[in-house]
Amino acid sequence: MSDTILSIKDLKVSYGGIEAVKGISFDVKRGEIVTLIGANGAGKSSTLRSIAGLVRPSGGSITFEGEDITNADPTGIVKRGITLVPEGRRIFADLTVLENLKIGAYLRRDDIKEDLEWVYSLFPRLKERSWQAGGTLSGGEQQMLAVGRALMSRPKLIMMDEPSLGLAPIVVRGIFDIIREINQRGTTILLIEQNANMALQTANTGYVLETGRITLSGSGGELLKNEAVQAAYLGT
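What comes next is a walk through the structure. Given the structure is predicted, the values throughout are model-derived calculations rather than measurements.

Here we have 6 strands laid out as an open sheet, ordered β6-β7-β8-β3-β9-β10, and mixed in their pairing. One side of each edge strand has no neighbouring strand; the edge strands of this open sheet are β6 (82-85) and β10 (213-219). Taking the axes of each pair of neighbouring strands and ignoring which way they run, one obtains an average angle of 15 degrees across the sheet. Bridge count for β6 against strand β7 (residues 157-161) is 4 bridges, and the pairing is parallel. Counted as the bridge partner of I82 is L157 from β7. The sheet strands contacting helix α6 (residues 139-151) are β6 and β7, and the helix crosses β6 at an angle near 170 degrees.

Our focus in this paragraph is the nonpolar core. L101, F123, L126, L151, M160, I179 and I182 are the most contacted members of the largest nonpolar core, which totals 44 residues. Excluding anything up to four places from it in sequence, L151 contacts W118, V119, L122, I158 and I182.

Its volume calculated, the largest pocket comes out at about 630 Å³. If you trace the largest pocket, you find 23 residues lining it, with L54, V78, L84, P86 and R149 closest to the centre. Of all elements in the fold, only α1 (44-51), α2 (74-80), β6, α3 (97-104) and α6 reach the threshold of two or more residues within the lining of the largest pocket. Among the elements that take part in the lining of the largest pocket, α2 stands out by supplying 4 residues, more than any other.

Moving on to the packing of aromatic side chains. Under the defined criterion, the tally for this structure stands at 1 aromatic pair. Centroid distance F26 to Y207: 5.2 Å. Interplanar angle 45 degrees. Geometry classified as tilted. Placement of the pair is F26 in strand β2 (residues 18-29) and Y207 in strand β9 (residues 205-210), with a sequence separation of 181 residues. A residue is classified by how much of its surface remains accessible, and Y207, at 12% relative accessible area, is buried.

What follows is about the pairing of strand β4 (residues 59-64). Examined bridge by bridge, strand β1 (residues 4-15) and β4 share 5 bridges and lie antiparallel to one another. By the bridge assignment, L6 is partnered in β4 with F64. Inspection of the sheet shows β4 paired to strand β5 (residues 67-68) by 2 bridges, in the antiparallel sense. Among the inter-strand pairings, F64 is bridged to a residue of β5, identified as E67. The hairpin formed by β4 and β5 contains 2 residues between the paired strands, and E65 there has a positive phi angle of roughly 50 degrees.

Within the secondary structure layout, E162 lies in the loop between β7 and α7 (169-184). Here E162 is buried and forms no salt bridge, its nearest opposite-charge partner K44 lying at an N-O distance of 4.5 Å. Sequence-distant contacts of E162, defined by excluding residues within four places in its chain, comprise K44, E87, Q143, I192, E193 and Q194.

A word on the environment of E128. Structurally, the position occupied by E128 is in helix α5 (residues 124-128). Note: C-alpha distance between E128 and T63 (65 residues apart in sequence) is 40 Å. Polar side-chain contacts of E128 include one of 3.1 Å to the side chain of R129.

This brings us to α7. Here α7 is 16 residues long and its end C-alpha atoms lie 23 Å apart, about the 22 Å a rise of 1.5 Å per residue gives. Of the residues making up α7, those classed as buried are V172, I175, F176, I178, I179, I182 and N183. For α7, the angular spread of buried residues about the axis comes to 155 degrees, placing them on one side. The exposed residues of α7 that point more than 90 degrees off its buried face are I170 and Q184. Buried-residue contacts for α7 involve β3 (33-37), α4 (113-122), α6, β7, β8 (188-192) and α8 (196-202).

Turning our attention to the sheet that holds β5. Taken in spatial order, the 4 strands line up as β2-β1-β4-β5 in an open sheet, and their pairing is antiparallel. This sheet does not close on itself; its edge strands, each paired only once, are β2 and β5. Running at roughly 115 degrees to β1, α1 makes contact with β1, β2 and β4 of the sheet.

The next thing to look at is the pairing of β1. In terms of strand pairing, β1 meets β2 through 9 bridges, oriented antiparallel. In the strand pairing of β2, L11 is matched with I24. Where β1 folds back onto β2 in an antiparallel hairpin, the turn is made up of 2 residues, including G16, whose phi is positive at roughly 65 degrees.

About the cut-offs
Residues numbered from 1 in each chain as written. Predicted model: local features only at pLDDT ≥ 70, side-chain atom pairs only at ≥ 80, totals over all residues. Heavy atoms only, no water. Pairing = 2+ DSSP bridges. Helix = DSSP H or I, 4+ residues; strand = E, 2+ residues; numbered from the N terminus. Axes fitted to C-alpha atoms, helices over the stretch in contact; angles between N-to-C directions. Contact = heavy atoms within 4.5 Å. Core = buried A, V, L, I, M, F, W, Y, C linked by side-chain atoms within 4.5 Å. Buried < 20%, exposed > 50% of the residue type's maximum accessible area, 1.4 Å probe, protein only. 1 Å grid on protein atoms, 1.4 Å probe; cavity = no way out; pocket = protein on both sides within 12 Å on 5 of 7 lines; lining within 4 Å. Points joined across faces, edges and corners; volume = space filled by probe spheres on them. Phe/Tyr/Trp six-rings, centres within 6.5 Å; stacked < 30°, edge-to-face > 60°. Lys, Arg positive; Asp, Glu negative; His and termini not counted. Salt bridge = Lys/Arg side-chain N within 4 Å of Asp/Glu carboxyl O. Polar contact = N/O pair within 3.5 Å; in protein donor to acceptor, adjacent residues only side chain to side chain. Expected span 1.5 Å × (residues − 1). Arc of directions from axis to C-beta.

Here is the structure:
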């Protein structure tokens, strides 16, 4: 089995006549945490959305476990073992916590009880609020629910788009602890995060995107020490 679970080659994503992603290439190794950092509009979310089948690439290829998934639809992507925790959480506000979690397992035909208990062990507050409407949760609890929902499909690769956005620092630290725990359980993670310091401390490998292109790459530790990264993204 190849060490590479996801391979992006010369990926391009366009909206109308505007090219948001301009031919990027990178690999995600099985069992790693990989982060994409960059300013708003750098092409990070467009990259994740194309991998998730929500946006059709205008060029290049996406390969998952050796299979070309460039033109697969979102349901096919989830079936193969990729889930996305979208920016803004996008939970179903009128449904209960439990109903939201069950929606994450909508393609499964086996017993989900064990996975439900695992999600509740990661996020005890969700168990306490299992019959509460998702829209009544705090921002941090909604983020927990969005992550839990994605885990219910038993993904091999989970993609997270700005999981710390709008959350208090103490909640952010908790979310990153959970990201590490999910990874330690064997799930590969592709992470977009504006909190570059936390992302690079957590990630095995990082890529810097600027206006649709990868301009730097390296281990999380290497990028933390890079003077250009420090000046642009770490405020030092």
